[in-house]
Amino acid sequence: MVTRSIPEYLFENTRRNNISIKCVLSQESDGGASSSSSSVDNQGIKIRRRPTSGPPSHAVGPFEFRLQNDGNTPRNILEEIIWNKDVEITQLKEKKPLYSLKKALDSAPPVRDFVGALRSAYLRTGAPALIAEVKKASPSRGVLREDFHPVNIAQAYENGGAACLSVLTDEKYFQGSFENLAAIRRSGIKCPLLCKEFIIDAWQIYYARTKGADAFLLIASVLPDADINYMSKIAKKFGLSTLVEVHNESEMDRVLRIDGIDLTGINNRNLETFEVDISNTKKLLEGKHGEIIRQKDTIVVGESGLFTPDDIAYVQEAGVKAVLVGESLVKQSDPGRGIADLYGRNISS
Ligand SMILES: O=P(O)(O)OC[C@@H](O)[C@@H](O)c1c[nH]c2ccccc12
């Protein structure tokens with residue numbers, strides 16, 4: 001029996017004004033038979049792009065029935081975010097169709113070299129280069145910082161020695177925005193910027209570029225290889241860098257087989273359950289994966305759950321040359337000083 005309630009946004013397009021009575025019905029799941037046939041199950045991807053069994057509400061006369069089943073109920077938070085994103089993009093695309101974004105690209109600020117900034121910071125400090133994240137909130141941790149001034153935080157990160165910045169742009173779940181990305185770019189900050197978004201449509205890449213992104217994230221548990229390939233080609237066309245994020249061995253296997261990926265991120269947080277375990281970075285860099293990565297000279301980014309100099313040393317030992325850190329820095333009253341605390345030394349000069 002499915003017991004989770006269906007997120008409100010899924011009703012937005014089907015809600016009728018004249019409804020006086022609503023019933024919520026739960027349907028017995030069919031054991032996954034119909035859902036697995038309609039889900040994106042190639043390459044082991046379990047996250048479905050959108051509800052598979054049509055709208056959850058049905059009107060019969062004055063009644064609205066909500067038929068809740070496996071096909072219209074997200075199985076985890078990541079799937080919920082993706083379904084929401086799909087609706088959001090459809091609406092945004094109506095307001096800003098691709099042809100209008102293509103025009104806006106002409107006045108976008110020039111692209112900076114994200115990977116180059118990481119490499120030179122690593123060479124300069126001998127420690128993993130820092131991608132510091134401008135992150136107000138997350139579904140797992142709630143609000144991280146109430147007095148949130150994105151440009152001030154970005155400035156503090158740059159002064160504290162960050163090589164690059166990551167800016168969350170998802171509004172609904174992370175309280176971020178594309179306005180934050182654009183404002184940081186406009187402010188004269190020199191660190192290259194990663195657009196931290198749930199990208200499922202090439203349109204989002206064009207949009208991110210018009211706002212000044214130098215790099216963007218692709219999540220392997222959401223995107224099949226063909227999409228990762230296609231989107232990294234678009235990145236190349238603009239001179240943008242891609243950070244492709246994996247969480248487990250099979251995603252790592254897939255990503256290592258794709259050519260032209262600039263950066264591989266290992267997320268220590270499972271986005272479906274929120275569990276954080278920094279030994280995941282070590283585990284995924286052992287054995288043949290580690291060898292291939294060393295041969296290819298790909299920069300691996302250790303992501304999430306890093307709080308102390310010991311954590312940084314641990315992932316460096318495992319083989320990462322960069323780290324992506326949000327919570328432990330953004331929570332400090334002075335996020336710049338937070339960097340020195342995280343590394344156990346000043347990495348700004
Ligand atoms: O705040 P943390 O634990 O330092 O994590 C930062 C970053 O890794 C995390 O925000 C993140 C990694 N991958 C993501 C994908 C989407 C949203 C957020 C993320």
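The structure presented is a predicted model; accordingly, all values stated were derived computationally and were not measured. (Residues numbered from 1 in each chain as written. Predicted model: local features only at pLDDT ≥ 70, side-chain atom pairs only at ≥ 80, totals over all residues.)

## Some words on the overall build of the protein
Argument step 1. Helix and strand counts for the protein stand at 14 helices and 13 strands.
Argument step 2. Taking as baseline every contact in the protein between residues at least 6 positions apart, the subset at least 24 positions apart corresponds to 70%. (Helix = DSSP H or I, 4+ residues; strand = E, 2+ residues; numbered from the N terminus. Contact = placed C-beta atoms within 7 Å.)

## Structural notes on the site of the ligand
Argument step 1. Around the ligand, the structure places 14 residues, and the nearest of them are Glu303, Ser304, Leu324, Gly326 and Glu327.
Argument step 2. Sorting the residues of the shell around the ligand by element identifies strand E13 (322–325) and helix H13 (327–330) as the ones contributing at least two each. (Near = placed C-beta within 6 Å.)

## Quick word on the UniProt feature "domain: Indole-3-glycerol phosphate synthase" (unreviewed entry) in the protein
Argument step 1. What UniProt calls "domain: Indole-3-glycerol phosphate synthase" (unreviewed entry) maps, in this numbering, to residues 78–341.
Argument step 2. Strand forms 17% of residues 78–341 and helix 48%; the C-alpha atoms that close the span are 31 Å apart. (UniProt positions renumbered as here; feature names shortened; annotations may be inferred.)

## Topic: the nonpolar core
Argument step 1. Counting residues in hydrophobic clusters, the biggest one holds 85 residues, and the most contacted among them are Ile131, Leu165, Leu194 and Val323.
Argument step 2. Once residues within four sequence positions are removed from consideration, Leu194 is found in contact with Phe114, Ile131, Cys164, Leu165, Ser166, Val167, Ala215, Phe216, Leu217 and Leu243. (Core = buried A, V, L, I, M, F, W, Y, C linked by C-beta atoms within 7 Å. Buried ≥ 20, exposed ≤ 12 C-beta atoms within 10 Å, placed from the backbone.)

## Points about the pairing of strand E11 (residues 263–267)
Argument step 1. The buried count for E11 comes to 5 of 5 residues, which makes it a mostly enclosed element.
Argument step 2. Residues Leu263, Gly265 and Asn267 point to one face of E11 and Thr264 and Ile266 to the other, with burial holding for every one of them.
Argument step 3. Two strands pair when backbone bridges link them, and strand E10 (residues 241–246) and E11 are joined in this way by 4 bridges, in the parallel orientation. Its bridge partner lying in E11, Leu243 is registered against Leu263.
Argument step 4. Bridge count between E11 and strand E12 (residues 299–303): 5 bridges; the pairing is parallel. Each bridged residue has a counterpart across the sheet, and for Thr264 the counterpart in E12 is Val300. (Pairing = 2+ DSSP bridges.)

## Structural notes on the packing of helix H3 (residues 98–105) against helix H7 (residues 202–210)
Argument step 1. For the pair H3 and H7, interaxial distance at closest approach is 9 Å and the crossing angle is 30°. Between H3 and H7, the angle is such that the two are roughly parallel. Of the two elements, H3 crosses H7, and the hand of that crossing is left-handed. Residues Leu98, Leu101, Lys102, Ala104 and Leu105 of H3 pack against Trp203, Tyr206, Tyr207, Arg209 and Thr210 of H7.
Argument step 2. When its residues are assigned to classes, the contact of H3 with H7 shows 7 nonpolar, 1 polar and 2 charged. (Axes fitted to C-alpha atoms, helices over the stretch in contact; angles between N-to-C directions. Parallel < 35°, antiparallel > 145°, perpendicular 65-115°, else oblique. Left-handed = near helix turned anticlockwise from the far one by under 90°. Nonpolar A, V, L, I, M, F, W, Y, C, P; charged D, E, K, R; others polar.)

## Concerning helix H6 (residues 178–186)
Argument step 1. Among all positions in H6, only Phe178, Asn180, Leu181, Ile184 and Arg185 are buried. Looking straight down H6, one finds that the buried residues subtend no more than 160° of arc, so they occupy a single side. Set apart from the buried face of H6 by more than 90 degrees, the exposed residues are Glu179 and Arg186.
Argument step 2. The inward-facing, buried residues of H6 contact strand E4 (129–134), helix H5 (150–160), strand E7 (164–168) and strand E8 (193–196).
Argument step 3. One or two residues past the end of H6 sits Gly188, with phi positive at roughly 95°. (Arc of directions from axis to C-beta.)

## Details of unusual backbone geometry
Argument step 1. Of note, Asp297 is a non-glycine position whose phi angle comes to about 60°, a positive value.
Argument step 2. Following the sequence through the fold, Asp297 ends up in the loop between helix H11 (287–296) and E12.
Argument step 3. Located in the positive-phi region is Ser304, a residue other than glycine, with phi close to 80°.
Argument step 4. In this structure, Ser304 sits in the loop between E12 and helix H12 (309–318).
Argument step 5. Classification of Ser304 as buried rests on a count of 26 C-beta atoms within 10 Å.

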